[in-house]
Amino acid sequence: MSSESGQRYSMEELKQRNRPANMTAPTPETHPTAEEWEELTEQLELLETGVARVLSQLSVWAAREPAVTKTQINTLTAEVAALQTALQPAGKKNERRSSRKRFPKIRLPRPTLAWLLPIPVAGLLVLVSWVMWFNLGKLLSAFSLMAP
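Residues numbered from 1 in each chain as written. Predicted model: local features only at pLDDT ≥ 70, side-chain atom pairs only at ≥ 80, totals over all residues. Heavy atoms only, no water.

Draft legend 1. Representation of the overall build of the protein chain. Helix and strand counts for the protein chain stand at six helices and zero strands. When the helices and strands of the protein chain are listed from N to C terminus, the series reads α-α-α-α-α-α. Counting across all 148 residues of the protein chain, residues that qualify as buried make up 1%. (Helix = DSSP H or I, 4+ residues; strand = E, 2+ residues; numbered from the N terminus. Buried < 20%, exposed > 50% of the residue type's maximum accessible area, 1.4 Å probe, protein only.)

Following this line, the structure appears as structure tokens:
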């Protein structure tokens, strides 16, 4: 710990110690000179003439290629709605008839007692093969005793 921690400073000393190093005096306000004002007004006039040219070009383009009007959009939507209503009933009739013809119902077979017969037979075969496999050594030794 530093020895300065126990000292007491006045408010002015604390302000000086805590002031950031890069803090400088406020800069005085600067106003443009007469020449700078003239330059700025010339630039503003140039911008204004450029905007006027762009607006005139836009009006020329708008006159050449007329935009889609609201009445045209309304007529198009009415035509589309008429087509949809004309096509809807025909599609529904065909769907009912064609869906039955094209896609017959698929029925799964139902299990019966005859299906259950192979299960015990297969289990018996597995059991016999397992017994023979683990007793193969005994069987071979029994056959070797029988052989001359």
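Draft legend 2. The arrangement of a negative patch on the surface in detail. Negative charge collects at one region of the surface, where Glu35, Glu36, Glu38, Glu39, Glu42, Glu45 and Glu48 lie side by side. Here Glu38 shows up in helix H2 (residues 34-64). (Patch = residues over 30% accessible without salt bridge, like charges linked within 9 Å, V, L, I, M, F, W, Y side chains within 5 Å. Areas by Shrake-Rupley, 256 points an atom, 1.4 Å probe, with all protein chains shown as cover. Salt bridge = Lys/Arg side-chain N within 4 Å of Asp/Glu carboxyl O. Lys, Arg positive; Asp, Glu negative; His and termini not counted. Charge placed at Lys NZ, Arg CZ, Asp CG, Glu CD.)

Draft legend 3. Expanded view of the packing of aromatic side chains. Following the criterion strictly, the structure yields one aromatic pair and no others. Geometry around Tyr9 places Arg17 over its ring, the cationic atom sitting 4.4 Å from the centre. (Phe/Tyr/Trp six-rings, centres within 6.5 Å; stacked < 30°, edge-to-face > 60°. Lys NZ or Arg CZ within 6 Å of the ring centre and 35° of its normal.)

Draft legend 4. Structural context of the confidence of the model for the protein chain. Overall, the predicted model of the protein chain reaches an average pLDDT of 79, with 78% of residues at or above 70. When pLDDT is averaged over each element of the protein chain, H2 comes out on top at 89 and helix H3 (residues 70-102) at the bottom at 72. (pLDDT = per-residue confidence, 0-100.)

Draft legend 5. Inspection of the environment of Trp115 at higher detail. Along the polypeptide, Trp115 turns up in helix H4 (residues 113-116). When its relative accessible area of 48% is taken as the criterion, Trp115 is described as partly exposed. Once you skip the residues sitting within four places of it in the chain, Trp115 turns out to touch Pro109 and Arg110. (Contact = heavy atoms within 4.5 Å.)

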